[in-house]
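Secondary and tertiary structure notes
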Amino acid sequence: TAAAQETASGSGDGDKKITLGFSQVGAESGWRTANTKSIQESAKEAGFDLKFSDAQQKQENQIKAIRSFIQQKVDVIAFSPVVESGWDTVLKEAKDAGIPVILTDRAVDSADTSLYKTFIGSDFIEEGKKAGQWLVDQYKDTQEDVNIVELQGTTGSAPANDRKAGFQDTIASNPKLKIIASQTGDFTRAKGKEVMQAFLKAHKDIDVLYAHNDDMALGAIQAIEAAGLVPGKDIIIISVDAVKDGMQAAADGKINFIVECNPLLGPQLMEAAQAVVAGKEIDARIVTNETTFTSEQAKEALPSRQY
Ligand code: GZL
């Protein structure tokens, strides 16, 4: 592999430059932009040769990129799988080529966990539960039904599946909390706005929006305001990510509660890559640290946010 060859950099002390092939989902959201920046900056700092590919949210492009990394005999492959299923064949090809694979951000549903060394990312079920618990607490004394609409992330993706499951399981403790409509906004502002417009046309009595990411929530806010309603007041909004634009909307009272999803996975990825190339054992699961913000807390935290 590339690590076996002396580096052309003439470093002289024989240390081998690690070549990392990374396949990114796309550039669909503020979260993704921050995640890409973290990976590119961390690779540079670690002195890696980074081969980076953007799949424009298409699984076939990620599979093509992984096959190309195998052809180039990179030392280690990492990727954020756009959807959970359909990876076993290409991951087996990487394993047969003796190239370790690291999952970041999103997980795969392969039964064979020997196909990758570790998964570095958030616990999305936990994120859904945090969102649901805040809503349960807000409405614990309600006598009326609370009508909720949900903007789901990319269909088939781990964050969409798990944020939905975690939220649903948690609000089930109060049967007055009802999800009256749920549809994918594909994690983008444009789609979030479009689907929220449709929700507003179909339902005159929406009390709460649960958006699986800030970009869809921000798109939905445009639709809510265009309908003459006040986001954060007429419709309570819960979102996930806590990227700068989302935190600004929260500080402005347009989003009422944000569950943080930390995109800064670069340093942990480089550390894990170094370890697997050196043949060291690493934890099979590395969970990212993250918290939650009310509007007040968002206002306080905003000045120190990195992304
Ligand atoms: C979550 C990540 C999701 C973000 C979205 O780890 O996969 O994808 O929540 C992004 O903003 O598009």
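The structure displayed is predicted, hence computed values, not measured ones. Numbering of residues starts from 1 in each chain and follows the order in which that chain's sequence is written. A pLDDT threshold of at least 70 governs which residues receive local features in this predicted model, and a stricter bar of 80 or more applies before side-chain atom pairs are shown or counted, although totals over entire chains, interfaces and linings include all residues. Think of the side-chain values as coming from all heavy atoms in the structure, minus any hydrogens and water.

1. Notes on the overall build of the protein chain
Labels follow the DSSP assignment, with helices taken as runs of H or I lasting at least four residues and strands as runs of E lasting at least two, numbered in each case from the N terminus. Scanning the protein chain from terminus to terminus reveals 10 helices and 12 strands. Radius of gyration here uses only the C-alpha atoms, and the compact-globule reference equals 2.2 Å multiplied by the residue count raised to the power 0.38. The C-alpha atoms of the protein chain give a radius of gyration of 21 Å, which matches the 19 Å a tight globule of 307 residues would have. Dimensions of the protein chain along its principal axes, counting C-alpha atoms only, are 70 × 40 × 30 Å. Whether a residue is buried, partly exposed or exposed follows from its accessible area with a 1.4 Å probe, protein chains only, as a fraction of its type maximum: under 20%, in between, or over 50%, in that order. Scored against the burial criterion, the 307 residues of the protein chain give a buried share of 53%. Residue pairs in contact within the protein chain that sit at least 24 positions apart in sequence constitute 73% of those at least 6 positions apart. When charges are counted, Lys and Arg contribute as positive and Asp and Glu as negative, whereas His and the chain ends are disregarded. The atom standing in for a charge is NZ when the residue is Lys, CZ when it is Arg, CG when it is Asp and CD when it is Glu. Each charge sign in the protein chain was given a centre, from 33 positive and 45 negative side chains, and these centres are 3 Å apart. Contact definition: two residues touch when any of their heavy atoms are within 4.5 Å.

2. Section: the nonpolar core
The nonpolar core is taken to be a set of buried Ala, Val, Leu, Ile, Met, Phe, Trp, Tyr and Cys residues, with the residues joined through side-chain atoms within 4.5 Å. Membership of the largest hydrophobic core comes to 31 residues, with the highest contact counts inside it found for M196 and L209. Looking at this core, the elements that each hand over two or more residues are strand 6 (146-152), helix 6 (189-202), strand 8 (208-211), helix 7 (214-226), helix 8 (244-251) and helix 10 (295-301). In terms of residue count, helix 7 provides more of this core than any other element does, seven residues in total. Once you skip the residues sitting within four places of it in the chain, L209 turns out to touch V149, L151, M196, A220, I235, I236, I237 and I238. Counting residues in each nonpolar core, the second largest holds 24 residues, with F124, V136, Y210 and I236 among its members.

3. Re the UniProt feature "domain: Periplasmic binding protein" (unreviewed entry) in the protein chain
UniProt positions are given in the numbering used here, feature names are shortened, and annotations may be inferred rather than shown by experiment. Mapped onto this numbering, the UniProt entry annotates "domain: Periplasmic binding protein" (unreviewed entry) at residues 21-281. Measuring from the first to the last C-alpha atom of residues 21-281 gives 20 Å, for a span that is 44% helix and 20% strand.

4. Quick notes on the pattern of salt bridges
A side chain with one charge may pair with a side chain of the opposite charge, provided their charged atoms come close. Criterion for a salt bridge: a side-chain nitrogen of Lys or Arg within 4 Å of a carboxyl oxygen of Asp or Glu. One pass over the full model with this rule turns up 16 salt bridges. With a shortest N-O distance of 2.8 Å, E28 and R32 are connected by a salt bridge. The same class applies to E28 and to R32, which are both buried. Across the pair D215 and R189 runs a salt bridge, and its minimum N-O distance is 3.3 Å. Of this pair, D215 sits in helix 7 while R189 sits in helix 6, and the two are 26 residues apart along the sequence. For D215, a relative accessible area of 6% corresponds to the buried category. Residues joined by salt bridges that share partners form a network here, namely E28, R32, D105 and R106.

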